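Here is what each chain is made of, one letter per residue.
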Amino acid sequence: MYHIKVNTKYDYDIDKTGNGLLINDNKVDADIKQLNPTAWHVINELRSYNVELVNFNNVDKTAEIRVNNNIYAVTAKDQFDILLEKMGLSSLNSAKISELKAPMPGMVLKVCVAEGASVKKGDNLFILEAMKMENIIKSPDDVIVKTVKIVPGDKVEKGQVLLQFS
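The rules behind these values
- Residues numbered from 1 in each chain as written.
- Predicted model: local features only at pLDDT ≥ 70, side-chain atom pairs only at ≥ 80, totals over all residues.
- Heavy atoms only, no water.
- Helix = DSSP H or I, 4+ residues; strand = E, 2+ residues; numbered from the N terminus.
- Rg over C-alpha atoms; globule rule 2.2 N^0.38 Å.
- Buried < 20%, exposed > 50% of the residue type's maximum accessible area, 1.4 Å probe, protein only.
- Pairing = 2+ DSSP bridges.
- Core = buried A, V, L, I, M, F, W, Y, C linked by side-chain atoms within 4.5 Å.
- Contact = heavy atoms within 4.5 Å.
- Axes fitted to C-alpha atoms, helices over the stretch in contact; angles between N-to-C directions.

Looking only at helices and strands, the protein has 1 helix and 17 strands in total. Taken over the C-alpha trace, the protein has a radius of gyration of 21 Å; the compact-globule value for 166 residues is 15 Å, which it surpasses by more than 25%. Structurally, the protein occupies a C-alpha span of about 65 × 30 × 30 Å along its principal axes. The buried share of the protein, reckoned over its 166 residues, is 19%.

This is the structure:
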């Protein structure tokens, strides 16, 4: 289930079921044909729509979609985003982050950033090996790296401060 907001104005609840598509609990019997990886042709209620994905941000779950030469800004929330919102945890990311702590004990395999680097939300920070698995730790926000307290080969404990941001 997804909650979609179009142009920060219109809200839709979309659910894909085994036999179709529900929009705001109404079954939609649209004929959807994918033309290429970013374009579709849709026929719904005897109307034809050319749909093209113009821009997509996977981290923020936002997109710009062109429908018959009109561009729409779309934001999506999946079931987990909705659950976090209901629990009051969605605003936790709005606070400015000043440091990053080890999410689990492990060994640093690679550090992808240096002090003074400007990092965007979702960029790789370092690779941490834990329980024979490589975990890529990504930036939780747009930040500038102030201090890097780890080097490859370091063993870290859960909660240990690894990076500081300004």
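Structure shown, so let's carry the discussion forward.
Time to look at the pairing of strand 2 (residues 10-17). Where strand 1 (residues 2-6) lies against strand 2, 5 bridges are found, and the strand directions are antiparallel. Paired with Ile 4 across the two strands is Tyr 12, which belongs to strand 2. As defined by bridge partners, strand 2 adjoins strand 3 (residues 20-23) across 4 bridges and the pair is classed as antiparallel. By the bridge assignment, Lys 16 is partnered in strand 3 with Leu 21. In this antiparallel pair of consecutive strands, strand 2 and strand 3, the connection spans 2 residues.

Another point: the nonpolar core. With 17 residues, the main nonpolar core has Leu 100, Leu 125, Phe 126, Ile 150, Val 156, Leu 163 and Phe 165 as its most contacted residues. Elements with a minimum of two residues in this core: strand 13 (124-130), strand 15 (143-148) and strand 17 (161-165). Once residues lying within four places of it in the same chain are set aside, the contact partners of Leu 125 are Leu 100, Val 111, Cys 112, Val 113, Val 119, Ile 137, Lys 138, Ser 139, Pro 140, Leu 163 and Phe 165.

What follows covers the sheet that holds strand 14 (residues 133-138). Through backbone hydrogen bonds, the strands of a sheet pair up, either in parallel or in antiparallel fashion. Spatially, the 4 strands line up as an open sheet ordered 14-13-11-16, and their pairing is antiparallel. Here the strands that pair on one side only, and so sit at the sheet edges, are strand 14 and strand 16 (155-156). Relative to strand 16, strand 11 (residues 106-111) runs antiparallel, the two being bridged by 2 bridges. Residue pairing in the sheet places Met 107 in a bridge with Lys 155 of strand 16.

This part covers the sheet that holds strand 1. Taking strand neighbours across the sheet as the criterion, the 9 strands line up as 4-3-2-1-9-8-7-6-5 in an open arrangement whose pairing is antiparallel. Edge positions in the sheet fall to strand 4 (26-28) and strand 5 (31-36), since each has one partner strand and no second. The average undirected angle you get between the axes of adjacent strands in this sheet is 30°. As paired elements, strand 3 and strand 4 share 3 bridges and run antiparallel to each other. Bridge pairing in strand 4 links Leu 22 to Lys 27. Strands in contact with helix 1 (residues 79-86) are strand 1 and strand 9 (70-78); relative to strand 9, the strand with the most contacts, it is inclined by about 65°.

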